[in-house]
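Read off the chains here:
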Amino acid sequence: MEDAAARYISDLENDPALGPDHGTTVTRRSYCQQHIIPKIGQLSFPALDRPTVGMFLMKLQVTKSKRGVKTAAPAARRTKAGVRATLLAMWHHFYPFEECSFMGIRLPSDDDKLQRRMAAQEGDLDALIRRASFGPEEMRDILAAGFRYDAEFIIGRPNVRVRVLPNTPEAIACQVATGARISELMLVRWKHVFFDEGLIFLPGTKSGSAPRWVPLQRSLVPWLERLRAQQGNPGPNDFVIQTHPRRKSMGSKRTYQKRFTKTLILAGLKQPGKATHVFRATFASWANSAKVEREFVKFYLGHATVFGGATDDYVELMKSAIPAEHRTFMDGLPSPEEVQSYRET
């Protein structure tokens, strides 16, 4: 197998239509060198069968570095698909007229969204809390990376800073402290933030059950104050998260998804899947650790369909029932001053 992989890469590099720097060559060389040769290089390529390749793909792992420590983690489905495509391409390259002995292997799905939704409808909050969530120290690292992202990619670029607000860590703090979906967060206006009552209203977008009240976390207030100072003197109808320094338009969901993704990469904490979901998971995990009643956590996350639908009366009833102590279960979220001080050390 090792010799076959080396010959295959050599043929691609010498192919006039591709060459050594072509995207196909680079990608398949990487899959061969990082996964195929180290794991199954000692096997006979013609003897590969579906059980062997299937087991190899199921157990495929990648090496990740976190704070200088390298650890093994299950490979993403996209990586497994790329390795499978490389093996199939090798087979058709060497045996163009023979039926592939491992053709038709289906990759195991790592998307448990449907199972989590069904479990949520049955009242299982554990299904709403992904295993991947962050603790206080990791959130500190992420927020510090958010400041770094703004400094390098917005403030440090004159042609960008005139049209983009550097509010990445503030936006991350808002999502993790409210549990809002990124699309919901973009809709929040200053009139929805009730500092005196300690509440935030999330208009909601995903379904008719999504509009809801969430407690205004004590640790979120200084981050909101930074946003308010950045916008000057915002009116009640101005959006809390804005992209442009002069326009009052709503922030772009896609823009902040990209910012969050790059921030997580800078922090060395990017995980498979959508970058914004892990912050909702962190909100749910911290609430669960603080023994917040599960009905409240589901309501805060916008899963009110668990209770048969969130009518206006239900939403107002939950607003009046939110305990004051629910404004403190995110106290582990560091303040802007703590993050800035950490960056300087």
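Residues numbered from 1 in each chain as written. Predicted model: local features only at pLDDT ≥ 70, side-chain atom pairs only at ≥ 80, totals over all residues. Heavy atoms only, no water.

Counting its secondary structure elements, the protein contains 15 helices and five strands. In the protein, the proportion of contacts linking residues at least 24 apart, taken out of those at least 6 apart, comes to 65%. Entry remark: accessible area of the protein is about 17,700 Å², with carbon and sulfur atoms responsible for 50%. (Helix = DSSP H or I, 4+ residues; strand = E, 2+ residues; numbered from the N terminus. Contact = heavy atoms within 4.5 Å. Areas by Shrake-Rupley, 256 points an atom, 1.4 Å probe, with all protein chains shown as cover.)

Another point: the packing of aromatic side chains. One pass over the full model with this rule turns up 16 aromatic pairs. An aromatic cluster of at least three residues, connected via ring pairs, comprises Phe45, Trp91, Phe94, Tyr95 and Phe102. For Arg140, the ring lying beneath its charged end belongs to Tyr342, and the centroid distance is 3.9 Å. In this structure, Lys262 is placed above the aromatic ring of Phe153, and the distance from its NZ or CZ to the ring centre is 6.0 Å. (Phe/Tyr/Trp six-rings, centres within 6.5 Å; stacked < 30°, edge-to-face > 60°. Lys NZ or Arg CZ within 6 Å of the ring centre and 35° of its normal.)

Let's shift gears to unusual backbone geometry. At Lys291, a position not held by glycine, the phi torsion is positive, near 65°. By the secondary structure assignment, Lys291 is in the loop between helix H12 (277–289) and helix H13 (294–301). Under the relative-accessibility criterion, Lys291 is labelled exposed at 72%. (Buried < 20%, exposed > 50% of the residue type's maximum accessible area, 1.4 Å probe, protein only.)

A few words now on the environment of Gly268. Note on placement: Gly268 falls in the loop between helix H11 (253–267) and H12. Gly268 sits 127 residues away from Asp141 along the chain, and the two C-alpha atoms are 8.9 Å apart. Every residue in contact with Gly268, bar those within four places of it in the chain, is listed here: Ser65 and Lys66.

Bringing the sheet that holds strand E5 (residues 212–215) into the picture now. Read across the open sheet, the three strands follow the order E3-E4-E5; overall the sheet is antiparallel. On the outer flanks of this sheet lie strand E3 (193–194) and E5, each paired with one strand and no other. Where E3 lies against strand E4 (residues 199–202), two bridges are found, and the strand directions are antiparallel. Considered in E4, the bridge of Val193 is made with Ile200. (Pairing = 2+ DSSP bridges.)

Turning our eyes to something else, we now look at the confidence of the model for the protein. For the protein, per-residue confidence averages 85 on the pLDDT scale, and 87% of positions sit at 70 or higher. The spread of mean pLDDT over the elements of the protein runs between helix H5 (residues 113–121), the lowest at 49, and helix H8 (residues 168–178), the highest at 97. Note on residues 110–114: pLDDT is under 50 here. Beyond four places in sequence and across chains, it has three contacts. Low confidence marks residues 305–310, where pLDDT is under 50. Its contacts with residues over four positions away, or in another chain, come to 14 contacts. (pLDDT = per-residue confidence, 0-100.)

Looking now at the environment of Trp190. Turning to its location among the elements, Trp190 is positioned in the loop between helix H9 (182–185) and E3. What makes Trp190 buried here is its relative accessible area of 8%. As a C-alpha pair, Trp190 and Asn237 span 47 residues in sequence and 6.3 Å in three-dimensional space. With near-sequence residues (within four places) excluded, Trp190 lies in contact with Phe195, Leu224, Leu227, Arg228, Gln231, Pro234, Gly235, Pro236, Asp238, Phe239 and Val240.

Once that is clear, we can look at the side chain of Thr282. By secondary structure assignment, the location of Thr282 is in helix H12. Polar contacts involving the side chain of Thr282 include one to the main-chain amide nitrogen of Phe134, which spans 3.0 Å. (Polar contact = N/O pair within 3.5 Å; in protein donor to acceptor, adjacent residues only side chain to side chain.)

Let us look at the pattern of salt bridges. If you walk through the whole model with that rule in mind, you get eight salt bridges. Arg29 serves as the salt-bridge partner of Glu13, at 3.0 Å between the closest nitrogen and oxygen. Highlighted residues: Glu13 in helix H1 (residues 2–14) and Arg29 in helix H2 (residues 23–40), separated in sequence by 16 residues. By relative accessible area, which is 29% here, Glu13 ends up partly exposed. Its relative accessible area of 18% is what places Arg29 among the buried residues. Glu184 is paired through a salt bridge with Arg181; the nearest N and O atoms lie 2.7 Å apart. Side by side, Glu184 and Arg181 carry an identical accessibility label, which is buried. (Salt bridge = Lys/Arg side-chain N within 4 Å of Asp/Glu carboxyl O.)

Here we come to the packing of H8 against H11. Relative to each other, H8 and H11 sit at 95°, their axes nearing to 10 Å. The orientation of H8 with respect to H11, classified from their angle, is roughly perpendicular. Listed contacts from H11 to Thr168, Ala171, Ile172 and Gln175 of H8 are Tyr256, Arg259, Phe260 and Thr263. Of the residues belonging to the contact of H8 with H11, the class tally is four nonpolar, three polar and one charged. (Axes fitted to C-alpha atoms, helices over the stretch in contact; angles between N-to-C directions. Parallel < 35°, antiparallel > 145°, perpendicular 65-115°, else oblique. Nonpolar A, V, L, I, M, F, W, Y, C, P; charged D, E, K, R; others polar.)

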